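Observations on chain architecture
Listed below, chain by chain, are the residues.
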Amino acid sequence: MPAMIADSTMATREERDWKERLLANHIDNPRDYASFVLGKVSRTFALNIHVLPASLRRQVLLAYLFCRMADTLEDDTLLLPQVKTGMLRGFAGLFREGIGFDAQFHDFQSSLPVEWKDSEKWDHLLLYHSHWIFNEYHQIGPKARAIIARCVVEMCNGMAEFAHKQHVIAKDDAFIETVEELDRYCYFVAGTVGIMLGELFATHTPLIGASRLRKLKALSVSFGLGLQLTNILKDIQADGERNISFIPGAMLRERNLNASVLLLPQNRREAEPVLHALIDKARLHLEDALEYSCLLPRFEPRLRLFCLWPLFMAVETLVLAAENQNALRPEVKVKIKREQVERIIRITGLACWSNFLLRRLFRKRLERLDAALSAYLTA
């Protein structure tokens, strides 16, 4: 116990030290700051990224932080949708080559809420003081910069499109109307990332030639959609608490539901088939994600593990949601345990060299998922 207290105190001191440097606008090593702040905005990805080779790790770290900044704008419940639209497009504009960056960044920073400058939330601090991350971004090679820029710009423009839609719809209407529109939304927020990763992987290793890259690109969007749909399912409760739902309105109306009553206890029996239909949809995309991972060169195990860890965590999350008949109740959190995460890291580390073993491990999890869904249908 004393050691844990000491560690907590040290973490608090480190956080305070970085915040003081941000407010003083003086950071000696932006690369160290980027690594530190990643752990504050995403523990899962902070674990994941360390398996990558160093040069690629730096590029993916920066790309992730930029995507996280876009998410911060999109997810903020206090920003008016029309304000989000302008901010997202202003952020995308910072990735244009040849602009007067300092002046344009000053204009963008001035559009952010002033209280974000010394916010208690690291997501706000990351975005407000993002010139330190851009400083690192401008140091990497032009090819990697171009790949990252394409991803972030397309993501921001797509988020701006949906922020505008959120602004014009009526209060009780669905934020997303059809399954096709859900796919489009997931493409912008996650499919673009799948494409970007494949391109960065190809610049890292000559083992990914033109033919293999084409095959990876054919599956990369589906990989992103599988992870994003899993996140949507995992966060149904949290999203409901901030009065937003990513469940297509057409699916809800088939069960005589709408987003505002989806999570009411008396509607659980009607809502569960919607949940399970989305689980099945996510499962199909995660099958593509496995094939994507198996396409990566065996002699690049670090690239494989980087993809396999979130993939196996996602399918375990789907199994948990399908097996838990109370997944739609407010007090239930759909989250896999730390022991499961540790086991995933261990078994994929042993199996990552063999496509046969990876498919076998994955198939066992899908069998559990199918059994859980079948049990519900026959209940």
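Everything in this summary refers to the structure shown in the same document. Values in this document were obtained by computation on a predicted structure and should not be read as measured data.

Let us look at helix 11 (residues 210-234). Side chains three or four residues apart in an α-helix point the same way, a direct result of the helix having 3.6 residues per turn. With 25 residues, helix 11 ought to run about 36 Å at 1.5 Å a step, and its terminal C-alpha atoms sit 36 Å apart, in line with that. The largest bend along helix 11 measures about 35 degrees and falls at L219.

This brings us to helix 2 (residues 30-41). Between the first and last C-alpha of helix 2 there are 16 Å, a value that for 12 residues agrees with the 16 Å anticipated at 1.5 Å per step. Where helix 2 is concerned, the buried positions are P30, Y33, A34, F36, V37, L38 and V41. Structurally, the start of helix 2 carries an N-cap: the backbone nitrogen of R31 is 3.1 Å from a side-chain oxygen of N29.

A cluster of like positive charges, contributed by R343, R346, R360, R363 and K364, occupies part of the molecular surface. Breaking the positive patch down by element, the ones donating at least two residues are helix 16 (338-351) and helix 17 (355-378). Counting residues per element, the positive patch draws most heavily on helix 17, which supplies three residues. Mapped onto the elements of the fold, R363 is located in helix 17. The exposure class of R363 is partly exposed, given its relative accessible area of 43%.

Among the structural elements, N355 can be located in helix 17. Only 3.4 Å separates the side chain of N355 from the backbone oxygen of C294, close enough to count as a polar contact. If we ignore the near neighbours within four places in the chain, the residues touching N355 are C294, R298 and R304.

Attention shifts here to a nonpolar patch on the surface. On the surface, L207, F299 and W353 cluster together into a nonpolar patch covering about 380 Å² of accessible area. Here F299 is to be found in the loop between helix 14 (268-295) and helix 15 (301-323). Assessed through its relative accessible area of 71%, F299 is described here as exposed.

For the rest of this paragraph, the subject is the packing of helix 10 (residues 179-204) against helix 15. In contact at an axis separation of 11 Å, helix 10 and helix 15 are set at 165 degrees when each is read in the N-to-C sense. Accordingly, the angle class assigned to the pair helix 10 and helix 15 is roughly antiparallel. Of the two elements, helix 10 crosses helix 15, and the hand of that crossing is right-handed. Taken together, the residues of helix 15 that come into contact with helix 10 (itself represented by L197, F201 and H204) are L303, F306 and C307.

Moving on: the packing of helix 10 against helix 11. Interaxial distance between helix 10 and helix 11 falls to 7 Å at its minimum, and their mutual angle equals 135 degrees. The orientation of helix 10 relative to helix 11 falls into the category oblique. Between helix 10 and helix 11 lies a crossing of right-handed hand. Of the residues belonging to the contact of helix 10 with helix 11, the class tally is 13 nonpolar, six polar and three charged.

On to the packing of aromatic side chains. Evaluation of the coordinates by the stated rule reveals 26 aromatic pairs. For the pair F66 and F134, a centre-to-centre distance of 4.7 Å together with 40 degrees between the ring planes defines the contact as tilted. Here F66, found in helix 4 (residues 54-75), pairs with F134, found in helix 8 (residues 131-137); they are 68 residues apart in sequence, far enough to count as distant. Relative accessible area serves as the criterion here: at 0%, F66 is assigned to the buried category. When its relative accessible area of 0% is taken as the criterion, F134 is described as buried.

Core analysis: the largest hydrophobic core is formed by 128 residues, its most contacted members being Y33, L65, F66, L73, F91 and F201. The biggest single contributor to this core is helix 15, with 15 residues.

Turning to the environment of E316, a few remarks are in order. Mapped onto the elements of the fold, E316 is located in helix 15. Judged by relative accessible area, which is 6%, E316 ranks as buried. Separated by 269 residues in the primary sequence, E316 and L47 place their C-alpha atoms 17 Å from one another. Residues within four places of E316 in sequence aside, it is in contact with I336, Q340, I344, R365 and R368.

So, about unusual backbone geometry. Not every positive phi belongs to a glycine, and N25 is a case in point at roughly 55 degrees. Topologically, N25 is positioned in the loop between helix 1 (2-23) and helix 2. The backbone of N256 shows a phi angle near 60 degrees, a positive value even though the residue is not glycine. Counting through the fold element by element, N256 comes out in the loop between helix 13 (249-254) and helix 14. With a relative accessible area of 73%, N256 lands in the exposed category.

Before going further, it helps to spend a moment on the state of the cysteines. Tallying each qualifying case throughout the model produces zero disulfides. The closest cysteine sulfur to the non-disulfide-bonded C151 is located on C67, 4.2 Å from its own sulfur. For C151, a relative accessible area of 3% puts it in the buried group. There is no disulfide at C186, and the cysteine sulfur nearest it, in C151, is 14 Å away.

Thresholds applied
Residues numbered from 1 in each chain as written. Predicted model: local features only at pLDDT ≥ 70, side-chain atom pairs only at ≥ 80, totals over all residues. Heavy atoms only, no water. Helix = DSSP H or I, 4+ residues; strand = E, 2+ residues; numbered from the N terminus. Expected span 1.5 Å × (residues − 1). Bend = angle between axes of the 7 residues up to and from the residue. Buried < 20%, exposed > 50% of the residue type's maximum accessible area, 1.4 Å probe, protein only. Polar contact = N/O pair within 3.5 Å; in protein donor to acceptor, adjacent residues only side chain to side chain. Patch = residues over 30% accessible without salt bridge, like charges linked within 9 Å, V, L, I, M, F, W, Y side chains within 5 Å. Areas by Shrake-Rupley, 256 points an atom, 1.4 Å probe, with all protein chains shown as cover. Salt bridge = Lys/Arg side-chain N within 4 Å of Asp/Glu carboxyl O. Lys, Arg positive; Asp, Glu negative; His and termini not counted. Charge placed at Lys NZ, Arg CZ, Asp CG, Glu CD. Contact = heavy atoms within 4.5 Å. Axes fitted to C-alpha atoms, helices over the stretch in contact; angles between N-to-C directions. Parallel < 35°, antiparallel > 145°, perpendicular 65-115°, else oblique. Left-handed = near helix turned anticlockwise from the far one by under 90°. Nonpolar A, V, L, I, M, F, W, Y, C, P; charged D, E, K, R; others polar. Phe/Tyr/Trp six-rings, centres within 6.5 Å; stacked < 30°, edge-to-face > 60°. Core = buried A, V, L, I, M, F, W, Y, C linked by side-chain atoms within 4.5 Å. Disulfide = S-S within 2.5 Å.

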